[in-house]
Every structure is written in C-alpha cells, then in structure tokens.
Amino acid sequence: MNAIATRYTLLWVGAVAGLVILGVYTHLANLQLERSEFITGYSLFALMIALALFNARKKLAMVPLIRSAYWLAIHVVGGAASVVLFFIHTGSIWPSGGYEQALALLFYLVSVSGIIGYAMQRINPRRLVQTDLEIIYERIPAELSEIREKAEAVILACTQETGSDTLARHYMETLSWYFRRPRFIYNNAFGGKAAEHWLRLQYRTVSRYLNDNEREYLDHINDLAEMKAKIDIHYACQGMMKGWLLVHLPLAAAVLGLMFWHVIVVNVYAL
Amino acid sequence: MMDPEKFKHDSSRYERPTNRFRCGRGAEWGKPCEFGPETTGRCGGMNECRPAKVGDRWECRRSAIAGGPCENGPDADGSCCNKHPPCQPRRTIRSIRGLLAISAFAIVVGVIALMLTLDSGDAARDSIIQPGSLTGGHDNFTSAEGCISCHSAHNEDAGDWFLAAFTEEDMTDQCVDCHTFGGDPRHAHNANFASEGPTTQCVMCHTEHKGEDADIKSMSDAQCNACHENSIDSFSSNHPAFGANFPHDRRTSVQFNHTSHLSKYFVDKRYQEKAPENCTSCHSVDTAAKAVAPASFEETCATCHNPAIRERELLVLRLPEFEEDLIDREAVSEACGPTMERWELLQEQITEITDAIEAGDEVENFEVEEEEYEAVSLEEADPISAYLLGAVADDMESYTEPMQEFIMRLVEEGSAPLAELVDEKANQEVSAAMLSGLNSELVKRVACAWAANLEYEAPTENELGGWHGEALELRYAPTGHDDNVVKAWMAFALASAAEEDAGDADVVEAMQNVILDRREGAGACTKCHAISEDEVGARTVEWRYQPSDARPFTTYSHGAHITLLNPEGVNLMDPEDGCNTCHKINEEAAYQEAFDQGDPHTFESNFYAIQKKTCAQCHSEGQVQQDCQLCHVYHADPGFDLRMVENEDAESVD
Amino acid sequence: MASVSMITRPQRWDAPFGPEMTDADIHRLTALPEFASIDADSFPKHTPLDGILRNDTRIVRYSPGDIVVREGDYGNSAFLVVSGNLRVVIAPALPRNLIGRQLSERKNIFQALAQLWTNRTVPEVRDTSRYGNQSVRSNNQSEADARVFLQDIPAVLDEHQTAQLGPSTLFGELAALGRVPRTATIFAEEEAELLEIRWQGLRELRKYDPTWRKTIDDRYRENALKVHLKSSSYFSGLSEEELNEVADATLFESHGSFEWHVSYKRMRDQGKADKEPIIAREGEYPDGLLMIRAGFARVSIKMGNGERTLTYLGAGDTFGYDELWAGHQGNDISLQTSLKAVGYVDLLRVPAPILGKYVFNKAGHHVTSPLHQLASHAVAQDAPLEWAVEQRFVNGTQAMLIDLNRCVRCDDCVRACASTHGGNPRFIRHGRTFDHWMVANACMHCADPVCMIGCPTGAVHRSLETGAVVINDDTCIGCGTCANSCPYNNIRLVEINDVAGKMVRDPDSQKPIMKATKCDLCETNPGGPSCVRACPHDALQRVTFQDDETFGATS
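Basis of the calculations
- Residues numbered from 1 in each chain as written.
- Chains lettered and ligands numbered in written order.
- Predicted model: local features only at pLDDT ≥ 70, side-chain atom pairs only at ≥ 80, totals over all residues.
- Helix = DSSP H or I, 4+ residues; strand = E, 2+ residues; numbered from the N terminus.
- Contact = placed C-beta atoms within 7 Å.
- Buried ≥ 20, exposed ≤ 12 C-beta atoms within 10 Å, placed from the backbone.
- Expected span 1.5 Å × (residues − 1).
- Nonpolar A, V, L, I, M, F, W, Y, C, P; charged D, E, K, R; others polar.
- Axes fitted to C-alpha atoms, helices over the stretch in contact; angles between N-to-C directions.
- Parallel < 35°, antiparallel > 145°, perpendicular 65-115°, else oblique.
- Left-handed = near helix turned anticlockwise from the far one by under 90°.
- Pairing = 2+ DSSP bridges.
- Core = buried A, V, L, I, M, F, W, Y, C linked by C-beta atoms within 7 Å.
- pLDDT = per-residue confidence, 0-100.

Visitor: Tell me about the overall build of chain B, residues and numbers included.
Guide: Regarding its fold elements, chain B presents 25 helices and 11 strands. Reported as C-alpha extents along the three principal axes, the dimensions of chain B are approximately 195 × 60 × 50 Å. Sequence separation of at least 24 residues holds for 61% of the intrachain contacts in chain B that already meet a minimum separation of 6.

Below is the structure:
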C-alpha cells in the first residue's frame, strides 16, 4: 500500500470511527433523554470549519502548515463524513423550517458539487494525458491565435502558390469558425469525439475538389486543426476542473454564513 | 508534447496565476498582448515597448520575448510605433471565484440583516429564526403572541438578544403556562416517588419545530428504561407479572354477582327471556378505554329489579301508642274540623235532643260525653321520628309528650315542623331533598286523623309512589330507581353521628339501621349499592360506577380489542371466547362478603385476575406491538390550565 | 507609462570577494612565493593578477579551533594557507554537532507569514537601494561572523586521525573546481591566516599560470584519488601502504567536455543526440576497473539498430567489475556493455593486476548481479530511464516531477512558489513530458550544476547549508550566462521594478536591469519547497533521478 492509500485508509478509518462514536453517542443520549445535538452540532461545526480552512491553507502556502495533500485528504474524507454527520445531527433529510431548509439545501449542493468536482479531478487529468499534449490553461488563447495565424498563412500561401481559392473558400466558409475559438466544448468535456468526426468530414468534403498540390496545404491545415482539437480538449477539461469551484466555493461561503447564524440562533433560543 | 521552443528561457515568461486580470484580447480569442493587464486592471498592452532615449535618439526596447526591437523604431516623439487600441481586461477565473464567494457570504449576511430590521413578529423575520413549524395545537395558540410565547429572549433588543445565547433557558416554565399535571412538572411522571429522580424538562422528550404533523410525544421503550432501574426489554420478555386481582383494585360499586346471575338467574326459566344475550348487553365496550362503565340501570338491572323498588318504602313517621292522651281536641277540632265520627255523634246527640224536646222530655244538660281514651295505635314509635324528636322509639314515656306535641304542631302547621326538625339534624345539602315532594296538606290531614286518635284513611290508593299516609304511618315510596329523596335520607343516615356525650347512640343507630336496612324498606338500595368508608371513616353509598383510581400510568383500550374478540358474536355462556378471553368468572370467589364491610379495597373479585400471559399471547415479539407507550402513559393527570381555554374563547369571539 | 529609475549596470568585480582587501594586502600577497613566481604579464588586461587577488580572493583569519571547511559542504572557493597550521580530519569524521552544522538563515514562522501582506502584486520588485551598497551585499561577510569552532582541540586530535596542513598548502580546489562537496573537515590548529580564492579566481590562475595549473592538477588528482579510493568499499579494508600502492597505480582521467552543456544544447536544438564520448566499448577487453568520481556515464548495450541504455552510473559507481572478475577466474570475457560519458565524467581507472592483487585475492567477489543482466528488463520498463538519460535529467537532484495523471492543473504550486518569493513564481508549470510524467521548468539543483560555470560574480552558488543551487540576487549582474548555460532552461531573466513599481533601467544604455531567477528550493523559507507542500494531489514531487525507481534506480 503506497503512502497515499495508507493516508486515505487511515483517514477513512478515523472518520468512520468518529462517526460511529457520534452515532452511538446520539443514540445513547436519546435514550438518556439528553440533547445530543449540542455535541454533534459543534462537531459538525468544527468539521465544517476544518473543511473551510483548506482554502485558507492554500493562501498560506508560505508557512509550513501540513502538506496540502493531507489537507485535501482531510477535506475529501471530512467532506463525505460531514454529510453523514449532518444526518446524525439533524436526524432527518429535510428540515421543516425556512432558513434551515435553505441551509440544508446549500449544504447538499456544496456536498454534491464537491463530489462531482472530486470525481472530475480524478478523471480529467488522465484524459488530458491521453491528448499527448500539455498546455497551461492561461496560454490557450495565445496558442489558439498562433495556430490561427499559421493556418491563415497556409491558406494564403496555398492561394498564392496554386492560384486556386477552393481551400481558401472552404476556410472562410467553414474552417474559420473552428479556428476562431475553442469548439465542441461540451462534447469535449464529456469525452465525445465530435471534433474528430467534424474534422474528418471537412477533410473529405473539400479534399475531392483539390489537386495534389493543394492537398498538401490541406494536410498542413489538418495537422494544425488536430493540434487545436487537443487544445480544445484541454480547454474543456481544464475549464471544468476550474469551473466547478465557481459553484462549490460560493456555496460553501454561503453555507458558512448560514451555519454561523444557525449556531447563534440555536444558542439564543434553545440553549 | 508542446513545442519545445516554448520552454526556452528567452521565449516565455513566468506565468503569474496570482494575477487578477487577464488580457481582454485573449479573452476574445485574439492574440493576447505580451505584457498583459496592469495589476489595477487597466490595459497594459497599448504599446509594445517603452522606447528609451539614448543620447539624442529614441531606441526601441521591445523585449526579446516579444520579438526584439521592431523595424520602424520609435516615433519621433519617443512613443512606440506599434500602438494598439486598449482592450478591456477581464478578471481571471480565480478572481471571479473569490468575488463570488465573498458575494455569496455577503448576500447571506445581508439577507439575514435585512430580515432582522423588520418588525418583530413579521413572518419574514421569523422565518430566518424559526427552525420549523410548530405542531398544529401549539401553532394555534402561539399565533397571537408569536415566538415570545415560549422564547423569552425573542423580543429583547439586539444586545440582550445576543447575550441570551450565553444563558440557559428552561422551556418548562413556559410549557406549564398552559399544561397542567397531577404533580410537579419537573418530576418524573409528575409524581413523588420515594427515590429522588432527575429533574426533568419538557424538552427532554418533547421537541418542537419539527413540522405541523410531527409526533412530539412518542417515546421509545429504551427511553423509558433510561430512568427505570428495572429495565424492561419488552412486554413479553421481562415485564413483571400483573398483580393479584388485576386489573381490579377495589370491589365494584354495585354489588352484582356475576357468578350467581350467570349460573342461577339467567338460566332460570322464569327469567330467561329477560337475561342479557352477552357481556356487551350490559357493558358497552365499543368506545370504552380503560374503564368500562356498565350500561345504565334502566338498560340492565331494571328488567328484573325495577318493580321491587316501589315497594321499598321509607317509614318516616308513625303514630305510636301513648300513655295518655295529651291532645287538645278542641284545638284539633278547630284546626281540622270535626271528624266524621264526631260529626255523626253530634248528629246523634242533636237528634236525641230534638226528639226529647219534641217529646217534651227534659233536655238533659248537654255535654259531650268524653269517652274513655283508648289509643288507636298499639305500635312503638318509629326510629326516624324518634331520632328527630330526640326520643327513644321503644320508650313510651320518652316519646309520648314530644310526639303528641309534634303531632299537634303538624295539625296546625302542616309539614313545616317536620322540615324544621330535618333541617336541624341534617345538613343543608340533603335536607332540602329529604322532604322533597312532601305535601303540607297531606301531613296536616294525616296529623289531624292521628290527633283525633284515628287511623288515617287515604282518599286514594298510592300508585305513583312518593309521600303518602297510611293508617298510622307517614311513608315515602320511591318513585323509581335513583330516587333523590331516598338517596338524601341515606346520605342523612350515613352522615348522622351520635353526639359525643348525649348518650343517644342507640337512637342514632336505630335510625341508621332502619334507613339502611338491606332487607326491608328503602334501605334495600344498599343491597346492591355498596356502602364504602373513606380514609377518615366517612361512609357513602356508591350510587355511581367508580372507575379504578389505581394505575394512573396505565391505559388500555377495550374498544381497540373489541373488534378482534367480537364479543357480540359470542355466546355469553361460552367460556372460551369473547370477553372471557381475559375476564374469566371465578365461581369460588367470596364476592359478596366484601360488601359486608366498609373498605372498598378489601375485596375478592368476581373474576380471576388477568394474567400477563393472556396479553402476551398477542403482544409479543413479532406479533402485535408491545412498546411501553401502548399501555403506559407518562404524565399524571395531564390537563390544561383554564387560562388557555379562556384565551381560546376570547379568540373565537374575535 | 510608469517612469523609469536608473542604476549603473553591474560589472564583474562590482562585488569583490573580500571588501577589505587593501593595497598593502595585495602587496603582501604578491610577495608570497606562490604569487611571486607568477608572470603577471601572462594575464590578459581585463583580468590582471592583482585584480584577481583584489576581487576574487580575501584574507581570512582563523582562531584555534575555527572550522575552515566542513565535510559535505558545497564550497566555491579554495584556500591557500598564508600562515599558521591547520588540521584536516581524516577519519573518523567529526560528529555533525561538533562541526556546528547550522541552518541557513531561514525566516521564522512570523517572517514567513508576513509575506502574506508584504508580497507585491507588481512583478519582480527589488529594493534597488541594496545594490548601491555593495560591501554590505556580500553574504560571505555574515558567514565569517557566524564561524563555528571546536572547543576541545586536543580531544579531537586524540579521537580522530588528522593531518597537518602548513603554510603554502592549497586545499579546497577539488570542491571548488569539481563542483563536488568538500571531502573533509579542516580546522585551524593555531592562529592562522588563509587566502580564500573563489573558484572564478582559481580558474583564472589555473588558466593563465602553468605552475598553478600543474600544482592544482597534481593536487586535484592526488586528493581526488586518495579520498575516492578510501570511500570505495573495494579498498576500504586496505592499509595505508597498500592504498598508496593502489593510488600510485591508478590512472586519473576525464571524459567529455568540462562545458558539455554547450554542445548538448546546440545538438538538441538541431534535433540531434549529443556526441557522447565512449569510455569503454562493448566487446573490448577490460584493462581495469572504472570508478566514476564525478559526472554521469551511460551503460548501454547493442539492441537492434540502436543502443539500449541499461542504466547510468554516477559518482561512486564502478564499471567492468564483472568481466574483470571473470577474467580473474580464468574465463576471458570481453565487456558486455559500453560506457559513454554523459556530459563531463571524472573517473579513476584501477588496473586489473592491482585489482586482482588487492581486491579479488583479499576481499573476494562483491557483485551479485552484473550490469548486463539489466538487459533482461522489458524494453518498455526502461523507456523512462532512456528518456531521463536522453534529456540529461539524471543530473537533477531536486527535479520537479509532476504526475500528470494526478495533476489537476490548479496552479497551487505556482502560487505557493510566488507566495514565498515576493509574489513572483520561480518556475513554469510546463516542461518535457514522458507518458504521464512531466519534468517542469524548475531548477533541478543538478549534481553537476553547469549554470555555475561562467558566472562572473559567483552569484550562482551552492548553498553552504543545503547544497541547493541558488542565485545571490545582490551580486547577479543579469548577464544571462547561467540562463544560457542551463540545458534545461530553468533559469529565467526578469526585468526588475523598484519598490515604487517603476521599471529599473541602466542610465547609460537605457536597457532594463535584468536579474537571473530560478527555484531556490525555498531556501530561506521554513518548511522546505512550498510547491511540494502546496500540491493537494500528491502530483508534484522533487526527485533525485538517481533514486527514483520509475527512472531506473536499482535500489
């Protein structure tokens, strides 16, 4: 068992043990007619704070604060555990009060977005590796514009060299759409092969009107298009891996806000 | 694999993911400029370089990464020749994310703050505090006042409101505003047990805000066991056996011997037609819970026992034999007029005188000849009137005078003197009822007859019962079952006690014996209705069905069991089924003996005690539910404070 | 457009090694026999002898017990004893606490945290006022203040085998020139005066004066040989006389170019493999045991139409042992594999008879699995190794290896890097990839740091403490030599801005002032490289390629 598996195994064991302890405690406290919500609530509160601190940890990279990898492991396992702890604490799946429903809804959304995000982060890197290309997300616009410039230069050269505008026309009519910006984003995001198919279709469509001389240019264009197809996959997959946090993080912030309010209200009214 | 040229140190800059802005041209998929936006978010790519003045000349300073110095070089004024229109830099995803997160937090805080500025009691304001709707009942009565009904901190100003977070609040105080219990609400079972239990709070078991239809009352068996030292796993396993006589803890209030009725009377050919078909003919269990009151007398016993009731008359006053006649007949005559005999005697005398005058005889000195006194009654006085008059019934000497005086008063005043005596001896509650329906004229006529030393002759037969005179007696015949006059007299008798040093114990006892005599007279009521002594020795007749007051924490629903056992379809005599399933008649029991003494708790039931195993036939593991709350209730005598009812009234008026 | 501030373009010797070198000092030095014999005219005009003495040397005085160099330190300078006696500890090595190993000046936790608000959003901000006051800039100044000394010299002499170094002894040139760690600890036995010559100066002296060249080379060979032989398990059991015999017979040779990176980069730019000088050829008969002292050599075997790399050898590894053993047993066997110099290789050749006499006859057979048996590996298994050698990544001791199967491209590593470097990243998260491995453009802290070759001011140096290759920003003149030298493109020149955010330019040429930047392994930051700590997905690690099993380490 490697270090990562060991780490996760230990954390899962710890989390399950913690949950079992809290679950049993809740059960026993109920039997003793005591309020278990206090302990489970503050446990959940502490857990949520710990989960939120992962973000703070990222901003404090200059200080030696336990490796981020451990934090992530805690975040992942703790996040999953928090859902169970949430059920233990509330004793139900859906509360009946207005703001509690809002809190529960946001909590579930954060949890679901977290799970989806985690799954994405496990799947997408491998898909990116399989493109056999590596590119920094921020450099994609520059890279695309470079490819576009090259493609247009090829078209220009083709027209000048062969005196035929067939390829140029096809580029203007159809291919320029493709080179303009990332395409097939959703298809790429979910692992489709629409871009590949589209490129093959375009190649065949125009190929029949070209002579051998022109076809060389077309092949060149096709190489660039295939390069861009890979970049498009990176754009979609890396974009997904960045985009899910646009949901997860604001929701988490909202959950924190409501959670603090919940703690205050409960202390004022019930304890 | 990327183009390796891109890795070269002189062909790419450090990527700076901490930047908040990115090139607007790049964002629109154009060629991003080399420098990117400035840190403030302004476009930094309007010129490709910042030319430098070396000596008198301006030199291009475009960086090697951007392609090195340009061909044309700077303009004459020293500005870059490659000018671009400024772009609108965009925020990076990371920056947007940060803004969104801060906004989300701010929105939550803002919405809460906004709600808090609303008036207290506003539904929107409450909605950010209330964790769930109340159950229907609580929701109704708190609707007027709102949260403050239970949460004292609710209407405090912000500071105190927040400080309330650090003080503990016991909701019980507010609960008992409306809820009442048979004991301390903070004691387990609201009872004073010998061992000191924990202090309880309502919210330990009843938590609100779980929805309109939430069950806030149910408890698990294990929760019961939290306090009970003898923890009970389940009814069928280790619940203790029921006590002897279960479920009875006292004799019945009406002495009805099931054994004799079922085995003797109901099978007797003479009564067979009148006999009930089955148990439910008398015990209407359909809707009954724990206690099953028998049906009314009229519906049950009356069939056989009603006719006898009229005959059970109460003798209140009797004309006894007197030693001497002390009655002033003139006064009687004045008050009553002459009696028929007297009138006839006078007529006779007048005829004699008239005849003598006609015959010229000498009219003798006319005087009514006093006959030798010979009392019409040879009886003793009755114990009731003797007691009322303070005399001894079998002592002629003691009653001759007061009785004759009393009769004289009756002659003159009707029933009033009797009432006076009753008022004097009995307490007010019963005294009015004791002589209820007694016609003053009747008394007068009876008294007149007696004063004339005659038997009273009633003008008509007494058919309807009630007060009537009969020869030497003034009697009361019950008008039927549940006769108030008789009940009053019984209460009177039971309440009367010998005055301590009056030495009239015998008189009192004689009176009581005659009123409460089971065999004769009105006292026969107590043949069925038990006379019970309470803790201080006060005796009462149990006119009404008395539900058991033992086991206040146990409940049972006869109604729920009835459909299952179908007693109506079962012959009364069938020993195996129906009510017999649980209630088995114990023919050996000395049922009646219990009624010969006053303590209702010294008894032997007509039925065998119900065994736990009987219940456990169905209520056991895997069969019918058997949790504690099925048979046991927690609270002692739960109820509501009247104020709550008043509130509701007030509301309904609104 | 922001206005421009001006400073003088830094020059070589702007930052002299020792700021207090006076004319009298120079005069005194030139009177020393080592310098008196030098023909000053043989030095070119731009680097005169006295200029070297003035700028590349300094006189350091040591009190008894003061440690001059520590074993294992990376040092960039050699020492000439002017007066007094020193002691070199031969065996056993001094305990670590005794030689006062100290941490480099790391920020404490609060200073580290302060970067949260002191880091600038403006790129590459420098306090340019520091550059003007150059004597203060010398980090060696503070180093001298923090000298460690031995409390009880007699006890050390008692417990450890030592040798005396008297006046006119030159030492430390091995580490300075060979870019290898110091091999021994040397301390002052009495009041001593030493001339510390930084390696740039040593290089010039060796280059322009034949006597110095001979002295340095002789000493270099002798020191390298003896120390290396002693550290080898084959010869560790030998007595001093036997060892001397082995040393006398051993040949010292180097293969490949001292500045191999130049040709390597050129060839790679042309898309060709670099020429790797063959040290020993498959099929030839071995005449001695080859022991690698420094650099890397590739062990290969013919396969199809090419050469298959089986493994590579670094310092301390040997080649030809199995075949020599077979020969000793009477089976004449030719070399089963070839050995080629990957870059610059220093090696020792122990002749076969000597080996037979002192190793095979005395100690017997050591090796259990001959190198050529590595050929039994699946070809695919060795592909990462082939790639790593091809790309010369085997040179890296702290290469940034990213597992792209785990990396979610979140840039946390880059931001962490920026957060520990004043808001500026010191690497780019791109680089050459093989399968799902990427070696990012971050300094690998090479075993053979060619970037240090040619730095005119010694701004690129090994950290005394960690051995990390770092750039002293104060003394960097932005010439770009190191950036051009680095075969991995891991050093980048940046245009600096002053604290007001203004671009800094040279007043004469109006050209921007550049500084070389690269990963410093978060030397001054507590907790080690923040990039590794910041990676949430265990994707990024700093690896020593020689120890990495994926890339052929046979542990």
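There's more to say after this.
Visitor: A description of the overall build of chain C should follow, citing residues and the corresponding values.
Guide: Looking only at helices and strands, chain C features 19 helices and 26 strands. Sorting the 555 residues of chain C into buried and exposed places 48% on the buried side. Taking the contacts inside chain C whose residues are at least 6 apart along the sequence as the reference set, 78% of them involve residues at least 24 apart.

Visitor: Tell me about helix H3 (residues 68-90) of chain A, residues and numbers included.
Guide: Taking 1.5 Å of rise per residue, the 23 residues of H3 of chain A would be expected to cover 33 Å, and the 31 Å separating its terminal C-alpha atoms lies within 8% of that figure. Looking one or two residues beyond H3 of chain A, the residue adopting positive phi is Gly91 of chain A, at roughly 70 degrees.

Visitor: Tell me about the interface of chain C and chain B, and name the residues and values.
Guide: Taken together, the contact between chain C and chain B spans 24 residues of the former and 18 residues of the latter. Elements supplying a minimum of two residues to the side of chain C that touches chain B: helix H17 (412-420) and strand S18 (428-434) of chain C. Considering every element that reaches the side of chain C that touches chain B, the biggest residue donor is S18 of chain C, with five residues. Here the residues of the side of chain C that touches chain B sort into nine nonpolar, 10 polar and five charged.

Visitor: Can you tell me about the packing of helix H4 (residues 98-129) of chain A against helix H9 (residues 212-269) of chain A, naming the residues and giving the values?
Guide: Residues and elements named next belong to chain A. Direction vectors running N to C along H4 and H9 enclose 155 degrees, while the axes themselves pass 8 Å from each other. Taken as axis vectors, H4 and H9 run roughly antiparallel relative to one another. Taken as a pair, H4 and H9 cross one another with a handedness that is left-handed. Partitioned by chemical class, the residues of the contact of H4 with H9 number 23 nonpolar, eight polar and one charged.

Visitor: Talk me through the environment of Arg87 of chain C; I want residue IDs and the actual numbers.
Guide: Residues and elements named next belong to chain C. Among the secondary structure elements, Arg87 is positioned in strand S5 (residues 86-91). Spatially, the C-alpha atoms of Arg87 and Trp212 are 23 Å apart, while their sequence positions differ by 125 residues. Contact partners of Arg87, with chain neighbours within four places excluded, come to Thr162, Gln164, Ile186, Phe187 and Glu189.

Visitor: Describe the sheet that holds strand S3 (residues 67-69) of chain C, naming the residues involved and giving the relevant values.
Guide: All names here are of chain C. Read across the open sheet, the four strands follow the order S3-S9-S5-S7; overall the sheet is antiparallel. Each edge of the sheet is formed by a strand with only one pairing partner; in this case those strands are S3 and strand S7 (161-165). Pairwise comparison of adjacent strand axes, ignoring direction, gives a mean angle of 35 degrees for this sheet. Looking at chain direction, S5 and S7 are connected through five bridges and run antiparallel. Directly across from Ala91, in S7, lies its bridge partner Gln161.

Visitor: Summarise the sheet that holds strand S17 (residues 399-403) of chain C; cite the residues concerned and give the values.
Guide: Residue and element names in this part refer to chain C. Read from one edge of the open sheet, four strands run S18-S19-S17-S26, paired in antiparallel fashion. The open sheet has two edge strands, S18 and strand S26 (540-543), and neither has a second partner. Sheet twist, expressed as the mean angle between neighbouring strand axes with direction ignored, is 40 degrees. Relative to strand S19 (residues 437-441), S17 is paired through three bridges, and the arrangement is antiparallel. From the neighbouring strand, Leu401 faces S19, where its bridge partner is Val439.

Visitor: Run through the environment of Gly598 of chain B, naming residues and quoting values.
Guide: Residue and element names in this part refer to chain B. Take Gly598: it is sitting in the loop between helix H22 (558-565) and helix H23 (612-616). Judged by C-beta crowding, with 15 C-beta atoms within 10 Å, Gly598 ranks as partly exposed. Among residues more than four places away in sequence, those in contact with Gly598 are Ile531, Ser532, Glu533 and Arg539.

Visitor: With reference to specific residues and values, describe the interface of chain B and chain A.
Guide: Every contact between the two is made by 43 residues of chain B and, on the other side, 40 residues of chain A. Residue assignment for the side of chain B that touches chain A shows that the elements contributing at least two residues are helix H1 (24-27), helix H2 (93-117), helix H5 (158-163) and helix H7 (221-225) of chain B. Here the element with the most residues in the side of chain B that touches chain A is H2 of chain B; it accounts for 11 residues.

Visitor: Requested: an account of the nonpolar core, with residues and values cited.
Guide: Core analysis: the largest hydrophobic core is formed by 213 residues, its most contacted members being Val255 of chain A together with Val68, Leu194, Ala297, Met400 and Cys531 of chain C. Ranked by residue count, the leading element in this core is H9 of chain A, at 21 residues. Sequence-distant contacts of Leu194 of chain C, defined by excluding residues within four places in its chain, comprise Val60, Tyr62, Val68, Phe79, Leu80, Val81 and Val82 of chain C. Listed in part, the 59 residues of the second largest apolar core include Met403, Trp450, Leu472 and Ile515 of chain B.

Visitor: Lay out unusual backbone geometry with the relevant residues and their values.
Guide: The omega torsion of the bond from Phe246 of chain B to Pro247 of chain B falls at 5 degrees, within 30 degrees of zero and hence cis. For Pro247 of chain B, the location among the structural elements is in the loop between helix H8 (235-238) and helix H9 (258-265). In the Ramachandran plot, Ser168 of chain C falls in the positive-phi region, its phi being about 75 degrees despite a non-glycine side chain. Looking at where Ser168 of chain C falls in the secondary structure, it is placed in the loop between S7 and strand S8 (170-171). The phi angle at Cys522 of chain C is positive, at roughly 50 degrees, despite the residue not being glycine. By secondary structure assignment, the location of Cys522 of chain C is in the loop between strand S25 (514-517) and helix H19 (530-534).

Visitor: Which residues make up the confidence of the model for chain C, and what values go with them?
Guide: Reading fine detail from the predicted coordinates is not recommended where pLDDT is low. Residues and elements named next belong to chain C. Scored by pLDDT, chain C comes out at a mean of 81, with 86% of its residues at no less than 70. S17 holds the highest mean pLDDT among the elements of chain C, 94, whereas helix H6 (residues 134-137) holds the lowest, 30. Low pLDDT (under 50) marks residues 133-146, which in the prediction has 13 contacts with non-local residues, meaning those over four places away or in another chain.

Visitor: Now, about the pairing of strand S14 (residues 306-313) of chain C: what can you tell me, with residues and values included?
Guide: Residues and elements named next belong to chain C. The pairing of strand S13 (residues 288-303) with S14 spans seven bridges and is classified as antiparallel. Bridge pairing in S14 links Ala297 to Leu313. The loop that links S13 with its antiparallel partner S14 comprises two residues; one of these, Gly304, has a positive phi angle of about 55 degrees.

Visitor: Outline the packing of helix H6 (residues 166-180) of chain A against H9 of chain A, supporting the account with residue identities and numerical values.
Guide: Residues and elements named next belong to chain A. Following both chains from N to C, one finds H6 and H9 inclined at 5 degrees, their axes separated by 12 Å at the closest point. Here H6 is positioned roughly parallel relative to H9, judged by the angle of their axes. Contacts from Thr166, Leu167, Tyr178 and Phe179 of H6 reach H9 at Glu214, Tyr217, Leu218, Ala225 and Lys228. Within the contact of H6 with H9, the residues separate by chemical class into six nonpolar, one polar and two charged.

Visitor: Tell me about the environment of Ser605 of chain B, and name the residues and values.
Guide: Turning to its location among the elements, Ser605 of chain B is positioned in the loop between H22 and H23. For the pair Ser605 of chain B and Glu587 of chain B, spaced 18 residues apart in sequence, the C-alpha to C-alpha distance is 9.9 Å.

Visitor: Provide a residue-level description of the confidence of the model for chain B, including the pertinent values.
Guide: Residues and elements named next belong to chain B. Here chain B averages 81 in pLDDT, and 92% of its residues register 70 or above. For chain B, helix H25 (residues 642-653) is the element with the lowest average pLDDT, namely 51, and H2 is the one with the highest, namely 93. Note on residues 649-654: pLDDT under 50 across the span, and zero contacts to partners over four residues away in sequence or across chains.

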